[in-house]
Amino acid sequence: MTEPPKSIADDAVVTFHYKLRDAEGSFTESSDGASPVVYLHGRNNIVPGLETEMVGKKSGDKFTATVAPEHGYGERNPDAVQRVPVKHLATRGPYATGQMVAVQTRDGLRQGRVVKVGHFNVDLDLNHPLAGKTLVFDIEIVDVRDATGEELAHGHAHGPEGHGHDHGHDHGEHEQQP
């Protein structure tokens, strides 16, 4: 007798494809033509609103999830626009308005969007590009399985090839996937 398909719950490793757009349709991103996303459920490895929508789904399920800004990348913070000396940018110039650049901070590299260019400084918007946006995800669940002991200990999925990442980093610094 075969087991029923596993439902998504805490400590399940979930593999999925996605299409993402904002509510206005002005931003799109997709895993089409790329590897699917693999994450450990219940460990804040994807945006909270999408993780909530995943609960109870099974391999083969297709659905659309709408995620409000407060459950996605947060609201825009007007104080996150800052003037930064060019010498602190890891990305070399010349710079253009709208360009994404990396800036050295006390906490390591951080991404920002150039909003104004001066001779010695650049004004950067350090908000996530999707902050303040309602997100619409079209999801296809590819696989749901139990996490291995190693994945549980590390707090994230290792993917089909096992380990698949460098442990020379701090696990608290993971960038959230979609």
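Scroll up to find the structure.
Presented here is a report on the structure given in the accompanying data block. This structure is a prediction, so every number in the text was calculated from the model and none was measured. (Residues numbered from 1 in each chain as written. Predicted model: local features only at pLDDT ≥ 70, side-chain atom pairs only at ≥ 80, totals over all residues. Heavy atoms only, no water.)

**Concerning the sheet that holds strand β7 (residues 108-117)**
So, step 1. As summarised here, the arrangement of the four strands in space is β5-β8-β7-β6, forming an open sheet in which the pairing is antiparallel. The open sheet has two edge strands with one neighbour each: β5 (81-85) and β6 (100-105). Sheet twist, expressed as the average angle between the axes of neighbouring strands with direction ignored, equals 50°. (Pairing = 2+ DSSP bridges. Helix = DSSP H or I, 4+ residues; strand = E, 2+ residues; numbered from the N terminus. Axes fitted to C-alpha atoms, helices over the stretch in contact; angles between N-to-C directions.)

**Focus on the packing of aromatic side chains**
So, step 1. By the definition in use, this model includes two aromatic pairs.
So, step 2. With a centroid separation of 6.3 Å and 55° between ring planes, the pair formed by F16 and Y18 is classed as tilted. Y18 carries the same exposure label as F16, and that label is buried.
So, step 3. Counting every residue linked through ring pairs, the aromatic cluster contains F16, Y18 and Y39.
So, step 4. When the ring centre of F63 is taken as origin, the NZ or CZ atom of K57, which lies over that ring, is 4.5 Å away. (Phe/Tyr/Trp six-rings, centres within 6.5 Å; stacked < 30°, edge-to-face > 60°. Buried < 20%, exposed > 50% of the residue type's maximum accessible area, 1.4 Å probe, protein only. Lys NZ or Arg CZ within 6 Å of the ring centre and 35° of its normal.)

**Examining the pairing of strand β4 (residues 62-67)**
So, step 1. Covered by surrounding structure in β4 are F63, A65 and V67 only, the residues K62, T64 and T66 on the alternate face being uncovered.
So, step 2. One ladder, built from six bridges, connects β4 with strand β9 (residues 135-146); its direction is antiparallel. Its bridge partner being in β9, T66 is matched across the sheet by V136.

**Regarding the side chain of E151**
So, step 1. Looking at the element boundaries, E151 is found in helix α2 (residues 149-154).
So, step 2. Polar side-chain contacts of E151 include one of 2.8 Å to the side chain of R145. (Polar contact = N/O pair within 3.5 Å; in protein donor to acceptor, adjacent residues only side chain to side chain.)

**A word on unusual backbone geometry**
So, step 1. With omega at 5°, the peptide bond leading from G93 into P94 counts as cis.
So, step 2. Of note in the backbone geometry, D11 takes a positive phi value of approximately 70° without being a glycine.
So, step 3. Assignment of secondary structure puts D11 in the segment before β1 (12-22).
So, step 4. Residue class for D11 comes out partly exposed when judged on its relative accessible area of 30%.
So, step 5. Notably, N44 is not glycine yet its phi reads approximately 60°, a positive angle.
So, step 6. With respect to the element layout, N44 can be found in the loop between β3 (37-40) and α1 (48-54).

**As for the pattern of salt bridges**
So, step 1. Summed over all chains, the structure comprises nine salt bridges.
So, step 2. D11 serves as the salt-bridge partner of R43, at 3.2 Å between the closest nitrogen and oxygen. Residue R43 is located in the loop between β3 and α1, and its partner D11 is located in the segment before β1; the two are separated by 32 residues in the primary sequence.
So, step 3. Here K19 makes a salt bridge to D32, at a shortest N to O gap of 3.3 Å. Of the two residues, K19 sits in strand β1 while D32 sits in the loop between β2 (28-30) and β3, which places them 13 residues apart along the sequence.
So, step 4. What makes K19 partly exposed here is its relative accessible area of 40%.
So, step 5. Among the charged side chains, a salt-bridge network with shared partners connects R76, R113 and D125. (Salt bridge = Lys/Arg side-chain N within 4 Å of Asp/Glu carboxyl O.)

**Structural notes on the environment of P85**
So, step 1. Take P85: it is sitting in strand β5.
So, step 2. Look at P85 and you get partly exposed, because its relative accessible area is 29%.
So, step 3. Linking P85 and D123, residues 38 residues apart in sequence, is a C-alpha distance of 8.8 Å.
So, step 4. Beyond its immediate sequence surroundings of up to four residues, P85 is in contact with F120 and N121. (Contact = heavy atoms within 4.5 Å.)

**Topic: the nonpolar core**
So, step 1. In this structure, F16, L50, M54, F137, I139 and I141 are the most contacted members of the largest nonpolar core, which totals 22 residues.
So, step 2. Of all the secondary-structure elements, those providing two or more residues to this core are β1, β3, α1, β4 and β9.
So, step 3. With sequence-adjacent residues up to four places away left out, M54 is seen in contact with I8, F16, Y39, H41, I46, F63, I139 and I141.
So, step 4. Counting residues in each nonpolar core, the second largest holds 10 residues, with A80, Y95, V103 and L126 among its members. (Core = buried A, V, L, I, M, F, W, Y, C linked by side-chain atoms within 4.5 Å.)

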